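Observations on the model geometry
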Amino acid sequence: MRLTDAEKAMRDGAEGAAVARAMDLLIRYGEALGAESLVETRNVCGTVTATTPFMRDFAMAKGGLDAVFSEFNLDSAEVVPVPKVRAFSSHLQLGFDPHHPIEMGVSEQTVEFYRRSEASAARMGVQMMNTCTPYQVGNVPSRGEHCAWMESSAVVYINSVLGARTNAEGRESTSAAMLTCRIPNWGYHLDGPRLGTHAVQLDIEVESVEDWGLLGYWLGDWVQDRVPVVCGVTRVPNLPRLKHFGAAASSSGGVEMYHLVGVTPEANSVEQAFGGRAPVEQRRYGARERGETLARLNAMAHDRQVDYVMLGCPHYTIEQIWEAAQLLEGRQVHTNCALWIFTPRAIKALADRNGYTQTIEAAGAKLMTDSCSAMSRAVPPGTKVVALDSAKQAHYLPAIVGVQAWFGTTAQCVEAACTGRWNAA
Ligand code: F3S
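The following paragraphs examine the structure supplied in this document. In this text, all values refer to a predicted model and were calculated from it rather than measured experimentally.

Reading guide: rules and limits
Residues numbered from 1 in each chain as written. Predicted model: local features only at pLDDT ≥ 70, side-chain atom pairs only at ≥ 80, totals over all residues. Heavy atoms only, no water. 1 Å grid on protein atoms, 1.4 Å probe; cavity = no way out; pocket = protein on both sides within 12 Å on 5 of 7 lines; lining within 4 Å. Points joined across faces, edges and corners; volume = space filled by probe spheres on them. Helix = DSSP H or I, 4+ residues; strand = E, 2+ residues; numbered from the N terminus. Nonpolar A, V, L, I, M, F, W, Y, C, P; charged D, E, K, R; others polar. Near = heavy atom within 4 Å. Sits in = over half its atoms within 2 Å of the grid points. Domains from an automatic or database assignment. Pairing = 2+ DSSP bridges. Axes fitted to C-alpha atoms, helices over the stretch in contact; angles between N-to-C directions. Contact = heavy atoms within 4.5 Å. Buried < 20%, exposed > 50% of the residue type's maximum accessible area, 1.4 Å probe, protein only. Arc of directions from axis to C-beta. Phe/Tyr/Trp six-rings, centres within 6.5 Å; stacked < 30°, edge-to-face > 60°. Polar contact = N/O pair within 3.5 Å; in protein donor to acceptor, adjacent residues only side chain to side chain. Core = buried A, V, L, I, M, F, W, Y, C linked by side-chain atoms within 4.5 Å.

Here the focus is the layout of surface pockets. Quantified by volume, the largest pocket comes out at close to 280 Å³. Taken together, 17 residues line the largest pocket, and the ones lying closest to its centre are E151, C372, A374, M375 and K392. At 4 residues, helix α17 (residues 391–401) tops the list of elements feeding residues into the lining of the largest pocket. Residue composition of the lining of the largest pocket, by class: 8 nonpolar, 6 polar and 3 charged.

This is the structure in structure tokens:
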């Protein structure tokens, strides 16, 4: 791998032991990927906090949080003092919501250890956004900006909607990038891999959040990790629709980049989206494909009595919380059901101020942050049947916690929460 003089100096210890470990990790990682160089990045999203009892025991045995960061973030058995980050760095979601330990099923000791770890991460300079959607709470990369982000739904959003450049990174590579402002220069950092490979022509209007989730789920299943180009979008989707679309496509497949012709920034035309090449394969998406995808997502559900409704995957926008609050106003969640809504901390603060949290809680629901049921593996006790408005969560939650899942609109989910039944077709 070609290194600049500054990168060689970091590797050789000029900036301290932790930076040297980080550079060594990035060189090994980049060489394994076949990258010829590193690219400069000043925008990183990753995970640096310690959240598990295993990490707590490890910290106690090895001498503190620097030992955890060395081992789990820098792949270094030797404990190195951890410096402040050099890149603008945002923290992703956690394995639990520390403000709701009982619901999440975590002990006081685990939360207390996490809080120490969070304070340490904040002292390093990491922004404690604690969300899978940093792009809606202050980390909005520019077009062409090289980033190092984890979390599939966020990666596909910033690549496709914002035109930023990232691969789906991991805990170790993002931590190394935070300390060095470097990441291997391959994949979606380069022009060629960003070009479209597969074309789909829409035969129906794709409008609602549910519509976009279904299209994304169908598309990801088809193209897997290639780059789909969608033609025939008649109504420009807003942030929640694009969020659900990308999250679904990255769940049923491994889509990290897509183009909507006439909408997303690298697809002003079909020619631009494909870079003048012909698509590898072309398909049409119509009522039949939509119907089959909905049936597939609901295939495992048969009990109509719903125990739990989860909204907020990916984390809800303020617009979606506003909608949920309006749907819940003056109503009550059924005594046999629970409704949890997940959102970033910053948006929860806005919902508090706007009175939406009060409306949601008055209905007997909870507005939570930092995590979700798939990440935390936490659902209300005794849950057998869930209702969801997210194709991504419907894809993962049944496999993770062994429940039946109904997928539908937000209104259908709120109706299920208030009646305790799934009444949609
Ligand atoms: Fe976010 Fe959890 Fe969904 S982390 S994208 S809400 S699976």
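As a further point, take the site of the ligand. With respect to spatial proximity, the complete set of residues near the ligand consists of Q93, C132, E151, S153, G312, C313, P314, H315, C372, M375, K392 and Q393. Put simply, the ligand lies in the largest pocket. For the shell around the ligand, the residue count by class is 5 nonpolar, 5 polar and 2 charged. Looking at which domains feed residues into the shell around the ligand, each of domain 1 (5–189) and domain 3 (298–419) supplies at least three.

Looking now at the sheet that holds strand β14 (residues 404–407). Read from one edge to the other, the open sheet built from 5 strands follows the order β12-β11-β10-β13-β14, with strand pairing classed as parallel. Since the sheet does not close on itself, it has two edges, and those belong to β12 (366–369) and β14, each with one partner. Neighbour-to-neighbour, the strand axes of this sheet turn through a mean angle of 25°, independent of strand direction. Relative to β12, strand β11 (residues 338–343) runs parallel, the two being bridged by 4 bridges. Opposite T343, over in β12, you have T369 as the bridge partner. Sheet contacts for α17: β10 (308–311), β13 (385–388) and β14; angle to β13, the most-contacted strand, approximately 160°. Of the strands in this sheet, β10, β11 and β13 are in contact with helix α18 (residues 410–419), which crosses β10 at around 150°.

The next thing to look at is the sheet that holds strand β9 (residues 281–285). Read from one edge to the other, the open sheet built from 4 strands follows the order β8-β7-β6-β9, with strand pairing classed as parallel. In the strand order of this sheet, the two ends are held by β8 (259–260) and β9, each with one partner. Against the sheet, helix α9 (residues 209–223) makes contact with β6 (198–202), β7 (228–231), β8 and β9, and its axis sits at roughly 155° relative to β9, the strand it touches most.

On to helix α12 (residues 287–297). Among the residues of α12, those classed as buried are E289, T293 and L297. Axial view of α12: buried residues confined to an arc of 65°, hence all on one face. Turned more than 90 degrees away from the buried face of α12 sit A287 and R288, all of them exposed. Looking at the buried side of α12, the elements it contacts are α9, β9, α17 and β14.

Right, let's talk about the packing of aromatic side chains for a bit. Using the criterion set out here, one finds 10 aromatic pairs in the structure. A centroid spacing of 4.7 Å and a plane angle of 80° characterise the contact between F245 and Y258, whose relative ring orientation is edge-to-face. One end of the pair, F245, is in helix α10 (residues 239–252); the other, Y258, is in the loop between α10 and β8, with 13 residues separating them in the sequence. Seen in terms of ring centroids, Y308 and W340 are 5.1 Å apart; in terms of plane orientation they differ by 65°. Their pairing is edge-to-face. Placement of the pair is Y308 in strand β10 and W340 in strand β11, with a sequence separation of 32 residues. One aromatic cluster is present, built from ring pairs that chain together F54, F58 and F72.

Attention now moves to the environment of K392. Mapping K392 onto the fold places it in helix α17. When the C-alpha atoms of K392 and A417 are compared, they prove to be 20 Å apart, with 25 residues separating the residues in sequence. Other than its neighbours up to four places away in sequence, K392 contacts E151, S152, S153, A247, S251 and C313.

With respect to the secondary-structure elements, N130 resides in the loop between α6 (108–124) and β4 (148–149). A polar contact of 2.8 Å, which involves the side chain of N130, links it to the side chain of D370. Those residues in contact with N130, other than ones at most four positions away along the chain, are H91, L92, Q93, L94, Y114, E118, H315, R345 and D370.

This part takes up the nonpolar core. Counting 89 residues, the largest nonpolar core has L215 and V230 as its most contacted members. The element that contributes the greatest number of residues to this core is α9, accounting for 8 residues. In contact with L215, not counting residues within four places along its chain, are L202, V206, V230, F245 and Y285. Of all hydrophobic cores here, the second largest spans 32 residues; its members include I341, I347, A351 and W406.

Just geometry here; none of it tells us what the structure is for.
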